[in-house]
Structures are given as C-alpha cells and as structure tokens.
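# Summary of structural features
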Amino acid sequence: MKIRNMILTATGATMIILPAVGAAAHPSHRGEHEEILTQPIADVQNNYWFDYVADIREAEHELQKDLARATDEEDRRDAREEYRNEIADANKDYKKEMREKGYRVGRVTVGQ
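The text that follows walks through the structure, step by step, so that each part is easy to find. Because the structure is a prediction, the values reported are computed rather than measured. (Residues numbered from 1 in each chain as written. Predicted model: local features only at pLDDT ≥ 70, side-chain atom pairs only at ≥ 80, totals over all residues. Heavy atoms only, no water.)

## Describing the overall build of the protein chain
When helices and strands are tallied, the protein chain shows three helices and two strands. Listing each helix as α and each strand as β along the protein chain from the N terminus yields α-β-β-α-α. Sorting the 112 residues of the protein chain into buried and exposed places 23% on the buried side. Relative to all contacts within the protein chain whose residues are 6 or more apart in sequence, the contacts with residues 24 or more apart total 60%. (Helix = DSSP H or I, 4+ residues; strand = E, 2+ residues; numbered from the N terminus. Buried < 20%, exposed > 50% of the residue type's maximum accessible area, 1.4 Å probe, protein only. Contact = heavy atoms within 4.5 Å.)

## Observations regarding the packing of helix 2 (residues 47-69) against helix 3 (residues 73-100)
It is the contact of helix 2 with helix 3, at a shortest axis distance of 9 Å, that shows an interaxial angle of 180°. On the basis of the axis angle, helix 2 is roughly antiparallel to helix 3. In contact with Tyr-48, Trp-49, Tyr-52, Asp-55, Ile-56, Ala-59, Glu-60, Leu-63, Asp-66 and Leu-67 of helix 2, helix 3 contributes Arg-76, Ala-79, Arg-80, Glu-82, Tyr-83, Glu-86, Ile-87, Ala-90, Asn-91, Tyr-94, Glu-97 and Met-98. The class makeup of the residues in the contact of helix 2 with helix 3 is 13 nonpolar, one polar and eight charged. (Axes fitted to C-alpha atoms, helices over the stretch in contact; angles between N-to-C directions. Parallel < 35°, antiparallel > 145°, perpendicular 65-115°, else oblique. Nonpolar A, V, L, I, M, F, W, Y, C, P; charged D, E, K, R; others polar.)

## Considering the environment of Asn-47
Along the chain, Asn-47 turns up in helix 2. Separated by 47 residues in sequence, Asn-47 and Tyr-94 place their C-alpha atoms 9.9 Å apart.

In structure tokens, the structure reads:
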C-alpha cells in the first residue's frame, strides 16, 4: 500500500510540474520570447532542473499579477518585457550550470 501511495504522489507531482512549462516560445507584444524547456537537458532531473521549473513558474505568476494590476498599455508592455527577461535569465542560468556539470547544451536545427 505504501508503494502505491508513493507512485500516486510522484504522478501527482509530475502532473503539477509539467503544465508549468510550455512546449514552445510564447507570443508577446514584440514577437516571441526564448523557448521554455519542457524536458531537462540530457533527461537529467537534478536540482538545477527543479530550480529552473520554479523560476519559470514564478515568472508566469508574476506576469499574471503584473498584468492584472496594469492600468495602461505601457504597464502591460513593461510586464511582458520583465517576463521575457526572467525567462531568458532562467534559461541562461540553467544551461550554464548544466554545461559546468559536463552536459552538452545545444539546439538541433533540421533544414534543407
């Protein structure tokens, strides 16, 4: 019975974390911001990954709060700009830590 509860708890935690990260770049007023990772680099779920997910969730939460408080277009623009900066900073920090640990960080582009 304990193992079943542990599995259900782990499944629930996964379901809570996954919706927090999007599958692609999000549209914004001036185009799109940097892509939000949906999987950890090299499929390694370590403290750096969990910190990254927490940073993304916090940025999304702050964006929602800032947009709710916005009184004009300038406030909304500032909120989106701050969000883009936070996403870029989270990506940079996570990728830097993973590079320092020896994991390859890169982007694969398939074209003609």
